[in-house]
Amino acid sequence: MKARILDGAALAARIREEIKQGVKELHASRGIIPGLATVLIGNNPASVTYVRNKRKACEEVGMRSFGYELPAGASEAEVIALIETLGARADVHGILVQLPLPPHMDADRVLSAIPLHKDVDGFNPINLGMLGVKGKQAPFAPCTPQGCIELLLRNDIPICGRRAVVLGRSAVVGLPLALMLLARDATVTVCHSRTTNLASVTREAEILIAAIGKPRFVTADMVRPGAVVIDVGINRIEDPKHPKGYRLVGDVDFDEVSEVASAITPVPGGVGPMTVAMLLRNTLIAAQRQSERG
Ligand code: GUN
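Report follows, based on the coordinates.

Helix length check: helix α6 (residues 143–154), at twelve residues, gives a terminal C-alpha distance of 16 Å against a target of 16 Å (1.5 Å per residue), a fit within 8%. Most of α6 sits out of view: ten of its twelve residues are buried. For α6, every residue scored as buried is listed here: Cys143, Thr144, Pro145, Gln146, Gly147, Cys148, Ile149, Glu150, Leu151 and Leu152. If you follow the buried residues of α6, they end up packed against α1 (8–30), α7 (174–183), β7 (207–210), β8 (228–231) and α10 (271–293). Just past α6, the residue Asp156 takes up positive phi, approximately 55°.

Here it is in structure tokens:
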């Protein structure tokens, strides 16, 4: 079997067009241009690239992007003071603090400073907690898990009643995604580094999500024939033939798993572009809600 490719790049482009339209409408009806403030601390090369891409994507859909860069040695109090200033600004509708933070900062304290109505990344611990409370809608869902769900929904892949296995329990992807799948009535198992007989668990998955940050970790023998496989991993591996000296691969061995799965996301061009599209959508929603509050 050759799996159907779930093309995140094409879907994200369609969603960005929808958002562009929404931005125009908000401007025409209320005179408001959605604004996203990004806060980057230090110069982690991957973080620098992610923030650059997010800012560019904002501008491409007609939003304002406000970039703030602090040195790696900045104090936690300085970062929190900046977030509080941005929280009070009327032209900033969303605030994103790029992770990981330098080790001397407490991520929970920093992320808690983001007002819930501007937490477009969904990382304020209160927002994250609300994902697990039945019947309560969190103001914003984190962008990468939301991107995975959107990829399933817009490809008509049902979630309700299906067995989903999430590989990885990070606060950024695995944990919130497990809660979001549960809220959509999947039967969810979360695997991690201490899981025993991992392959026997992953082979139960009708929907398998890999978010562990290990290049090509998921091999064909770990996948149930016909499963839908979502690869969240973005790993750099050395490749002297590539102009940059490296290339990107996912957490899934694409070549062999695509022979077993019924559908699979590629890397690059799968979940990655969806993350940015969900950030733009959350920012537009934040601006719409704030315009209604007056
Ligand atoms: N670091 C890795 N992924 C993300 C993300 O989606 N948002 C932020 N803010 N930081 C990240």
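This part is about the sheet that holds strand β6 (residues 187–191). Taken in spatial order, the six strands line up as β1-β11-β8-β7-β5-β6 in an open sheet, and their pairing is parallel. Every other strand in the sheet has two partners, leaving β1 (4–5) and β6 as the edge strands with one partner each. Taken together, the five bridges between strand β5 (residues 163–167) and β6 define a ladder with parallel strand orientation. By the bridge assignment for β6, Val166 is matched with Val190.

Attention now moves to the site of the ligand. Around the ligand, a shell composed of Lys54, Leu96, Val97, Gln98, Leu99, Asp121, Phe123 and Val172 is seen. Contact with the protein chains hides 83% of the accessible area of the ligand, taken as 270 Å² for the molecule alone. Partitioned by chemical class, the residues of the shell around the ligand number five nonpolar, one polar and two charged.

On the surface, a nonpolar cluster with roughly 240 Å² of combined accessible area is contributed by Tyr50, Ile234 and Leu248. Relative to the helices and strands, Leu248 resides in strand β10 (residues 246–249).

Counting 53 residues, the largest nonpolar core has Ile19, Met63, Leu181, Ile230 and Val232 as the members making the most contacts within it. Once you skip the residues sitting within four places of it in the chain, Ile230 turns out to touch Leu6, Cys148, Leu152, Leu208, Ile209, Ala210, Thr265 and Val271. With 21 residues, the next largest nonpolar core counts Ile80, Leu82, Leu101 and Ile114 among its residues.

So, about the pattern of salt bridges. Taken as a whole and judged by the stated rule, the model has ten salt bridges. A salt bridge links Arg89 to Asp91; its shortest N-O distance comes to 3.0 Å. Overall, Arg89 belongs to the partly exposed group, its relative accessible area being 25%. The residue Arg281 makes a salt bridge to Glu150 at a minimum N-O spacing of 3.1 Å. A residue pair is termed long-range when its members are at least 10 positions apart, and Arg281 in helix α10 and Glu150 in helix α6 qualify at 131 residues.

Rules behind the numbers
Residue positions are given per chain, counted from 1 along the sequence in the order it is written. Per-residue local features of the predicted model are confined to residues with pLDDT of at least 70, and side-chain atom pairs are confined, for both listing and counting, to 80 or more; whole-chain, interface and lining totals are unaffected and use all residues. Hydrogens are left out, water is left out, and the side-chain values use all remaining heavy atoms of the structure. Strands here are runs of E lasting at least two residues and helices are runs of H or I lasting at least four, both read from the DSSP assignment and numbered beginning at the N terminus. Between the first and last residue of a helix there are one fewer steps than residues, each counted as 1.5 Å, and that sum is the expected span. Only protein chains enter the area calculation, which uses a 1.4 Å probe; residues under 20% of their type maximum are buried, those over 50% are exposed, and those in between are partly exposed. Any pair of residues with heavy atoms lying within 4.5 Å of one another is described as a contacting pair. Following DSSP output, two strands are said to pair if at least two bridges run between them. If even one non-hydrogen atom of a residue comes within 4 Å of a molecule or strand, that residue is called near it. Per-residue and other accessible areas follow the Shrake-Rupley method at a 1.4 Å probe size, with only the shown protein chains counted as cover for residues. Under the scheme applied here, ten amino acids are nonpolar (Ala, Val, Leu, Ile, Met, Phe, Trp, Tyr, Cys and Pro), four are charged (Asp, Glu, Lys and Arg), and all others, including Gly, are polar. Nonpolar side chains (Val, Leu, Ile, Met, Phe, Trp, Tyr) within 5 Å and like charges within 9 Å form the patches, drawn only from residues with over 30% relative accessible area and no salt bridge. The salt bridge criterion pairs a side-chain nitrogen of Lys or Arg with a carboxyl oxygen of Asp or Glu, the two atoms within 4 Å. Side-chain atoms within 4.5 Å are what join buried Ala, Val, Leu, Ile, Met, Phe, Trp, Tyr and Cys residues into a set we call a nonpolar core.

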